[in-house]
Amino acid sequence: MDDRTGTEDEGRQETDGARRREPVFNLPGVVIALIALCVGVHLIRTLLLSQPADLLVLVHFAFLPLRYTGGYPLDIYALLSPVTYAFLHGSVAHLAVNMIWLAAFGSPLANRLGTGRFLLLWTATVLAAVLLHFALHPYDAAPLVGASGAVSGMMGAAARFAFRIDRSTGKPGFAGPVLPLPLVFRSRIAVVFLLVWMVVNLIVGLGSGIGGTPRIAWEAHIGGFLVGFLGMPFFDRPQRRTRSGW
């Protein structure tokens, strides 16, 4: 018996086993950082700050449309809050849902785009969410908080790949070129996802605020989603030309 053959076989088996045993939480660093920031901010607000102090945090860092239309002097917070609102959440459930979806959709996007482009996409979707919300509710005094607009943008961007994932590198990322819109609408999985997302968003959004339930800014979700869906080609990094079945 050749010892080298046995050793090679054992080594091949170990390698194959390692490939099969991918870590459960294989998240990109930028996604982990965003989740940690959102969770950390919420823990500080709920465990360390008094109610008056937390109210000041909301006044300064949540997005308040009335800040811009109510005759108040514009300050540094008027510039910061269209971004910082995304790191504030109204409850543990609100935070948990957003972070779960951020991990699910943000991870393959971050692996595809890289840290810099992913953060640009995050920022664009966050701003688009508040822009549409402001356009429809310019005199609203209620604070807008949460990463839902950005997460919706991640979902919209994912649809431009018809959810195709490449796992060959050990870092799952969306594969292939960004699909042109006609091809997206020829993909059954993409069309079903888009329809379900829109219907659920409208039902949940329009049904919120009734009977004392918290109001959900569903329009902001649409703003973020549209930028992710329509703007994905501008954020994607150049890809090598490869054969595609599309």
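Since we're looking at a predicted model, the values are computed, not measured.

Student: Would you mind going over the packing of helix α6 (residues 92-113) against helix α8 (residues 148-159) with me for this structure?
Tutor: In a pair of packed helices, the angle between the axes and the distance between the axes together describe the arrangement. Running from N to C, α6 and α8 point in directions that differ by 30°, and their axes come no closer than 9 Å. Like other packed secondary-structure pairs, α6 and α8 cross with a definite hand, here left-handed. On α8, the residues that touch H94, N98, W101, L102, F105, G106 and L109 of α6 are S148, V151, M154, M155, A157 and A158. Taken together, the residues of the contact of α6 with α8 break down into 9 nonpolar, 4 polar and no charged.

Student: Honestly, a nonpolar patch on the surface in this entry has me stumped. Any pointers?
Tutor: A cluster of nonpolar side chains, namely L43, I44, L47, L48 and L49, defines an oily patch on the protein surface of about 500 Å² accessible area. When you line up the elements, L43 lands in helix α2 (residues 29-48).

Student: Help me understand α8, please; the structure alone is not making it clear to me.
Tutor: Spacing of three or four residues puts side chains on the same side of an α-helix, whose turn is 3.6 residues. Its 12 residues give α8 an end-to-end C-alpha distance of 17 Å, which sits within 8% of 16 Å, the value for a rise of 1.5 Å per residue. Counting buried residues in α8 gives 12 out of 12 residues, a clear majority hidden from the surface. When α8 is considered as a whole, its buried residues turn out to be S148, G149, A150, V151, S152, G153, M154, M155, G156, A157, A158 and A159.

Student: Help me understand unusual backbone geometry, please; the structure alone is not making it clear to me.
Tutor: Comment: phi is negative for the bulk of residues other than glycine, and the bulk of peptide bonds are trans. In this structure, A162 takes a positive phi of about 50° despite not being glycine. If you trace the backbone, A162 turns up in the loop between α8 and β1 (165-166).

Here is what the cut-offs are and how they apply
- Residues numbered from 1 in each chain as written.
- Predicted model: local features only at pLDDT ≥ 70, side-chain atom pairs only at ≥ 80, totals over all residues.
- Heavy atoms only, no water.
- Axes fitted to C-alpha atoms, helices over the stretch in contact; angles between N-to-C directions.
- Helix = DSSP H or I, 4+ residues; strand = E, 2+ residues; numbered from the N terminus.
- Left-handed = near helix turned anticlockwise from the far one by under 90°.
- Contact = heavy atoms within 4.5 Å.
- Nonpolar A, V, L, I, M, F, W, Y, C, P; charged D, E, K, R; others polar.
- Patch = residues over 30% accessible without salt bridge, like charges linked within 9 Å, V, L, I, M, F, W, Y side chains within 5 Å.
- Areas by Shrake-Rupley, 256 points an atom, 1.4 Å probe, with all protein chains shown as cover.
- Salt bridge = Lys/Arg side-chain N within 4 Å of Asp/Glu carboxyl O.
- Expected span 1.5 Å × (residues − 1).
- Buried < 20%, exposed > 50% of the residue type's maximum accessible area, 1.4 Å probe, protein only.

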